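# Commentary on secondary and tertiary structure
Chain by chain, the residues:
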Amino acid sequence: MEDTKRRRLWNPAVDETMGKEQTSHEQIQSTQIDPRTTAFALTAFAQHHLMQQQQLQQLSTQPNQLQFLFQPYLSMALPLLNAHHNSQQTQKKKTGVRIKSVSPSESTPSKSPPLSTPASYSSSLTPSFNPIVKSALGIHVPNENCCAVCGACFRMFFELFSSLWMPLSSSSSKELRSVSDNKVDDVSLYDTNVLLFYVNGNRVEERMVDPMMTLATYLRDHLRLTGTKIGCNEGGCGACTVMISERDPLSGEIRHFSANSCLMPICGVFGKAVTTVEALGNVKDGRLHAVQERLAKTHGSQCGFCTPGFVMAMYSLLRNTPEPSVQQINEAMQGNLCRCTGYRPILEAFYSFAKADTGDLKVITETGCGLGEKCCKVNGNGNGNLTDLSTCAPYDPTHELIFPPELTLKHTELRNFAMAHDSTVWYQPAHLADLLVLKRLHPHARVISGNSELAVERKFRFIDLPIVINPRQVVELHEFSLDIKRGVYLATGLSLTQMDERIGEYRQQLEEFQSQTLLEAHKMMHWFAGKHVRNVASIAGNIATASPISDLNPLWMASGTTVVLESEERGERELIIDEKFFVGYRKTTIASDEIVKAIWIPLTEKHEHVTAYKQAARREDDIAIVTGAFCTLLDAETQSVKHMRISYGGMAPTTILALRAMEKGKGRRFDWSLLERVTCELASSLVLPAGVPGGMPRYRLALALSFFYKHFLEVARRENITSIPESIESTKIGESIPQDQYSTQSFTEISSGQAEWDAVGRPIPHVSGQKHTTGEAIYYCLHGAFVTSKFASGILESIDASKALSMPGVVAFFDASDVRPGAKIGHGVGDTDVFVEREIRYNGQPLGLIVATDHETARRGANAVVVNATQKKAIVTIEDALDAKSFICPDMHIHSTMAENNGEQVVSDWNKYDRVVEGTIRMGGQEHFYLECHQCVVIPHEDDELEIVASTQCVADVQTEVGKCLGIPRNKIRVSVRRIGGGFGGKESTAPLCAVPAAIAAIKLRRPVRITLERFDDMAISGNRHPFRFDYKVAVDDNGKLVDMNIACLQNAGHTFDLSIGVIHRCMVHLDNVYHFPRVDVIGKLCKTNLASNTAYRGFGGPQGMFATESIMTHVAEQLGMDIDEFREKNMYESSAKTFWGNSLDPCNARRCWDECIEKSDYYNRKQEAAKFNKLNKYRKRGVALTPTKFSIGFGLKHLNQASALVLIYTDGSVLVSHGGMEMGQGLHTKIIQITSRCLGIDATKIHIQDAATDKVPNASPTAASMGSDLNGLAVQNACDQLNERLAELKNEMPEATWEKLVETAYLRMISLSASGFATTPCDPVDFGTGAPGGEMFSYAVYGTAFCEVEIDCLTGDHHLLRTEIVMDVGDSLNPAIDIGQIEGAFIQGYGLFTMEEIKVRPDGVRLSRGPGAYKIPSADDAPRHFSVHLLKGSSNKNSIFSSKVIIFFELLVECGIKGTLEQ
Ligand SMILES: Cc1cc2nc3c(=O)[nH]c(=O)nc-3n(C[C@H](O)[C@H](O)[C@H](O)COP(=O)(O)OP(=O)(O)OC[C@H]3O[C@@H](n4cnc5c(N)ncnc54)[C@H](O)[C@@H]3O)c2cc1C
Ligand code: FES
Ligand code: FES
């Protein structure tokens, strides 16, 4: 039994291979050629002969081939190693350490005898051969492979063997034992002070490292394994996910789990193996892991910044469960966020590993689609050619790295480890006795379990941790048992995941009625953080943190769970977790010398009912708004309440028991009157004051009451209480939501006549799709961190950096005095300080820059800078700005009547209209939340030349601003970028905020300087999507036709211009959406506030305008009693039309998209079904809605509608294309390659794009306004036309010549093989000063309609998107895979905007939402499982490259459908 389990957890496939290897030479050969399996075993032996530097170089590369040569000789070591294993097992029995289900009452952990000694190992040497040891070693016995000629192998074996053996035998004088005897804080007495762990099968040894440095930083900065990304540094995004493998100190079982490397302290991986994305596969060697390959093939990565994290999350799952269920896959993704894809393609890739209900794997080779039977090819709905997994090899779990044998043999999991570093002393005892002594000696030392709480605390509060104690290896803290009288005992060394597993096992053994608390704990675990956090976080950490919004503490309280505390002096004591346990905000009764040892979860009696609920802004991986847990015990005969416990989180500074309400329920019959009494009491005792921390007082109270109501209904249902009707369902949102995915992507397939080499129109994967798993360029540089303002408005009096400058590692400080007089950042206007000179204008504004030797020191230095400033009243909202008459510039206008009246505005007479509707709509901002924060590196060269690599959407902008602020001509500044980890407009104009200060520092210090913003700072320093308010008045005639509209658009611009004017212009010209307004007067106001300057965001103001229109349409329809769909149809543009601001729409495909969406979504039937559902369900409701959209394409500023490109052909036929557009996940480079392929008539594989750089293409416009592929594509086409013209004669002369031959001949005949292309698109803008409509401001428009079906829990507001169908007109798609990916991604971003993303700013202007903890973007769980996209067929566009239409920023608008549905 134990063996079976061990095998399962280990790696069944590897075990099997190992077990069989001796019987078949063929198998030996095949396993030998797998480099990873063999390399892993070998590196364990070879490691300490390799210089550390060499090791580091190897970490990200293929294993050293030399190592394979010596594999045969390792077999000689096996008998000895086997003896180790046996002796270890023997010793375990002697010491009484039990493998499973240890009852604490039987154990005397604090008196555990010392662990085995090396002497006992050697005394029990036996020659027998143990297959488990074999598998642990990953060793084969291929004697035939030995040449045995030179003898070098024997020498090498000797060295290898002794390297393994010596550390164990040399410890004979120092037994593996308790540190003990009050000297436990003497680091030198520990078994080891060397941090030993493995990364990707390679050994790493550290003798002196800051123990609290995160694993993520160590991997990236020390090992240069940059595949692991940092997106937030606080456990909230999953970009840093790695797999950790460890041996359980109690059972010896190997456990693989995903973890956030940004939370894991480096010393926390002592004795463990870390696997990063680099170990899986890489493009260079043409070797991708099945997870990577499938993700690339389903187009599952766009900007790619989240991709390594997703890969590692899935990989970790497969290591434990090679054929997982869909549910397990969903759970494995819980901690990973993607801002680009909309999740559908990621899920498709990963679901292909899942077993279907039938037991078959989901990839069916005929369709090659991960959706299996749900594939649109099978069900006949779509073309289904976007994804082809049929060429993917089946996943083979036998080829994975195994756990490092050295760690197994050394039993690192049982060793006492300590490290003394200047900043922190890290103790990691293996015995409870030692742990308790340490805690007595250092009562104020922090105990670190999973570090998920402490890491965040340390990061934001910059707390020092001189001593930390890690209890995770204490054997006694891994115990668990079931006592039928007392309940379930769980020691706190178990992670939450392990706790959940144990609970699951015990539930199997118990009657259903006994395990209600266990079941609720299991259910709650699903909503507790994400999988990667749960894999490391502990129950102890959760209890000791005493967070008022803990998910588990209310359950412990309601169920009467007890906590076991222990100190050295007073021994064990047990406390019930009740109203006396939590004594204040984040305070408990735990004494400073005590540790949390375990909990006892009581079993429930018959007729005792426990339920628990949580409501958060996002369904998964989010901190609760309110949690509630309830326990009611009924008398079976009288149905009266014997006891009732009601506990809440989120309703007070601590978790509470609602004592008075509990009292009201006690002894009463369980009926409606009980509900009334208890609810009334709760309603009066739980009232929260206005201004309560966390806000939403009324909603929180409503949740608390709803939760109790749910409990009440649930108890009534279980007890079959007839007076409470069955028909009132205990609402569980999403019960009927399919776990599985249904999706269709339809598009026009390329014609059969299209040449093989012509890539246009093909759904080829993103050119970087595979490379997204690899690292990035490495620069050895200094690091900068900003000192930022603490308040939003004030005067900077003085700034003192002397304390920071005295800190080791801090190099310099820069502030306004280092900036050239008058130098300011800002498009044209130049109104943004590089560093505040005097006036503080927003919270988070850069005041100065600390430069240090590493990022963390720079951050700590910045925190030590003393700022002296006086605070002023801040202007925060649009209303504040109106009151203070605070505006950025004069108002903007459009008056449609000016077009027909020779430039004269005709003022409307509103008295003449019978049907007028007026109102106000507000729309909040949105954080870009690109996964890669702003970063740049500036490298100074001679003659003041600067080389800048920046995460920007506009290299020219960075060049301009740096040149302007430093007084350096632009020809000396080279700015380049290969790809960025998402932009969405947030890196269009804001990159200079980092690049200019970094350049100032680099020039002065003559050293490269890097600034990488923490998510916390990124979200404060740079602005967001603009919040808007719209005041409107609309007139409609008797036929329901729109007649007139007067509307004011009030924009919250923030503290400077930035791009606010462009944004408001676009907002104003999108107010028509798809409707014909015969007369419109618009006014645009730019309100100046004390916020970071709001900036471009996907759609650039268009979404705000269209949102206003759709809301107005709904309002008018409601007011006038019209059906909203009819009202829309009546006013929708005809196929050719003109907008109120002068643009012609020809052809206008709004109606076509609308009609097709109705058909594809089966709209009318779905509407009826929803109505039926709503009749049957009192508290769960469904709504369906259709939303049409139109978006105009082009820059509103005329001169930006130009682009250049450079096409270079080399004599081997390869082609290098450079253009001014940035690749940020939108597939721009892929499309440009496709365009070049068609233009030059060559295969796409011959074409390459390196980066966007100012020395290749000057003065490039930003990659924005959806113009990336249009403008740059046209420029490339122009360059190719020139080259084709030059080659035309030669082509005629040599019609049969290959491309390579043609190019070579051209070179020999001295024909130029490079060309610079140029392109413009027309733009005749509106005159926003006078309000006169323009001519053709935009070249064309794109159209779409979305259908959404949403289910909502009326008691809590919880909701789920059930189904989405989108029809989009993208002309002749250049690449359907990319276009559909963009549509899906934009849709989910829009879903976030209208449902969960909320920028929180205090009335004094202090920004509260500064990271994923407080700002929630949708997770994979939020993506509709029925998600289909159809590209409108038969649409083309004469105004763009190859009749395509751009897609990038438009589709965001379809999300209005979601809002509409929710409103219903
Ligand atoms: C991204 C993210 C999401 C989260 N989501 C949730 C959520 O949904 N719900 C929720 O409730 N919490 C959540 N948390 C908070 C946190 O994960 C939990 O509170 C977790 O249980 C803490 O456990 P830990 O082992 O990581 O604690 P640590 O960070 O290691 O320690 C926390 C505190 O407990 C003390 N401590 C730890 N172990 C012991 C011990 N054995 N004896 C005495 N004191 C001890 C430490 O000294 C410290 O003060 C989240 C955290 C993050 C980073
Ligand atoms: S960087 Fe670690 S979770 Fe975001
Ligand atoms: S591809 Fe996921 S964040 Fe960009």
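Only a predicted model underlies this, so the values are computations on that prediction, with no experimental measurement involved.

For the protein, the count of helices and strands is 45 helices and 47 strands. Counting every position in the protein, which comprises 1464 residues, the buried fraction comes to 64%. Taking the contacts inside the protein whose residues are at least 6 apart along the sequence as the reference set, 77% of them involve residues at least 24 apart. A total of about 51,400 Å² of accessible surface is found on the protein, and carbon and sulfur atoms cover 52% of it.

Looking now at the nonpolar core. Counting residues in each nonpolar core, the largest one holds 83 residues, and the members touching the most others are Leu 490, Trp 556, Ile 646, Tyr 648, Phe 670 and Leu 682. In terms of residues, this core owes the most to one element, helix H28 (residues 697-719), which gives 11 residues. With sequence-adjacent residues up to four places away left out, Trp 556 is seen in contact with Met 499, Ala 521, Ile 539, Ile 543, Thr 561, Ile 577, Ile 599 and Ile 601.

It is worth spelling out the sheet that holds strand S28 (residues 892-895) at this point. Read from one edge of the open sheet, five strands run S28-S36-S35-S34-S29, paired in mixed fashion. Edge positions in the open sheet fall to S28 and strand S29 (915-923), since each of these has one partner strand only. With direction set aside, neighbouring strand axes in the sheet form an average angle of 10°. Looking at chain direction, S28 and strand S36 (residues 1079-1088) are connected through four bridges and run antiparallel. Within the sheet, the bridge partner assigned to His 895 lies in S36 and is Asp 1081. Relative to the sheet, helix H36 (residues 1060-1068) contacts S28, strand S34 (1028-1036), strand S35 (1042-1054) and S36, its axis offset from that of S36 by approximately 155°.

Turning to the UniProt feature "binding site: substrate" (unreviewed entry) in the protein, a few remarks are in order. The sites that UniProt annotates as "binding site: substrate" (unreviewed entry) are Glu 988, Arg 1066 and Phe 1100. A relative accessible area of 6% means that Glu 988 is categorised as buried. Relative to the assigned elements, Phe 1100 resides in the loop between S36 and helix H37 (1102-1119). Once you skip the residues sitting within four places of it in the chain, Phe 1100 turns out to touch Glu 988, Leu 1059, Gly 1062, Val 1063, Arg 1066 and Cys 1067.

A few words now on the site of ligand 1. Inspection of the region around ligand 1 gives 31 residues, with Val 447, Ser 449, Gly 450, Ser 452 and Ser 538 positioned closest. The backbone of Leu 454 places a nitrogen or oxygen atom 2.9 Å from an oxygen atom of ligand 1. Considered on its own, ligand 1 offers 980 Å² of accessible surface; in the complex 92% of this is hidden by protein. When residues in the shell around ligand 1 are grouped by element, the largest group, five residues, is from helix H24 (residues 539-545). Of the residues that constitute the shell around ligand 1, the class distribution is 14 nonpolar, 11 polar and six charged.

Its place among the elements puts Arg 660 in helix H26 (residues 659-665). Arg 660 sits in the exposed class, given a relative accessible area of 54%. A C-alpha to C-alpha distance of 8.6 Å links Arg 660 and Val 678, two positions 18 residues apart in sequence. In this structure, Arg 660 is in contact with Glu 681 and Ser 685, ignoring residues within four places of it in sequence.

Before going further, it helps to examine the pairing of strand S22 (residues 782-788). Of all seven residues in S22, seven are buried; the element is thus mostly enclosed. Burial of S22 is two-sided: the residues Leu 782, Gly 784, Phe 786 and Thr 788 facing one way and the residues His 783, Ala 785 and Val 787 facing the other way are all buried. Relative to strand S33 (residues 1009-1012), S22 is paired through three bridges, and the arrangement is parallel. Residue pairing in the sheet places His 783 in a bridge with Arg 1010 of S33.

Let's shift gears to the pattern of salt bridges. Overall, the coordinates contain 67 salt bridges when judged by the stated rule. Here Asp 593 makes a salt bridge to Arg 570, at a shortest N to O gap of 2.9 Å. Here the residue Asp 593 occupies a position in the loop between strand S15 (587-588) and strand S16 (595-601), and Arg 570 occupies one in the loop between strand S12 (562-567) and strand S13 (571-576), the gap between them amounting to 23 residues. Overall, the relative accessible area of 11% leaves Asp 593 in the buried class. Take Arg 570: its relative accessible area is 46%, and that puts it in the partly exposed class. The partner of Glu 1351 in a salt bridge is Arg 1182, with the nearest N and O atoms 2.7 Å apart. Note that Glu 1351 is positioned in strand S45 (residues 1340-1353) and Arg 1182 in strand S39 (residues 1180-1193), a separation of 169 residues in sequence. The same class applies to Glu 1351 as to Arg 1182, namely buried. Among the ionic contacts, a cluster of salt bridges with common partners joins Arg 203, Glu 205, Arg 207, Glu 406 and Lys 410.

Parameters at a glance
- Residues numbered from 1 in each chain as written.
- Chains lettered and ligands numbered in written order.
- Predicted model: local features only at pLDDT ≥ 70, side-chain atom pairs only at ≥ 80, totals over all residues.
- Heavy atoms only, no water.
- Helix = DSSP H or I, 4+ residues; strand = E, 2+ residues; numbered from the N terminus.
- Buried < 20%, exposed > 50% of the residue type's maximum accessible area, 1.4 Å probe, protein only.
- Contact = heavy atoms within 4.5 Å.
- Areas by Shrake-Rupley, 256 points an atom, 1.4 Å probe, with all protein chains shown as cover.
- Core = buried A, V, L, I, M, F, W, Y, C linked by side-chain atoms within 4.5 Å.
- Pairing = 2+ DSSP bridges.
- Axes fitted to C-alpha atoms, helices over the stretch in contact; angles between N-to-C directions.
- UniProt positions renumbered as here; feature names shortened; annotations may be inferred.
- Near = heavy atom within 4 Å.
- Polar contact = N/O pair within 3.5 Å; in protein donor to acceptor, adjacent residues only side chain to side chain.
- Nonpolar A, V, L, I, M, F, W, Y, C, P; charged D, E, K, R; others polar.
- Salt bridge = Lys/Arg side-chain N within 4 Å of Asp/Glu carboxyl O.

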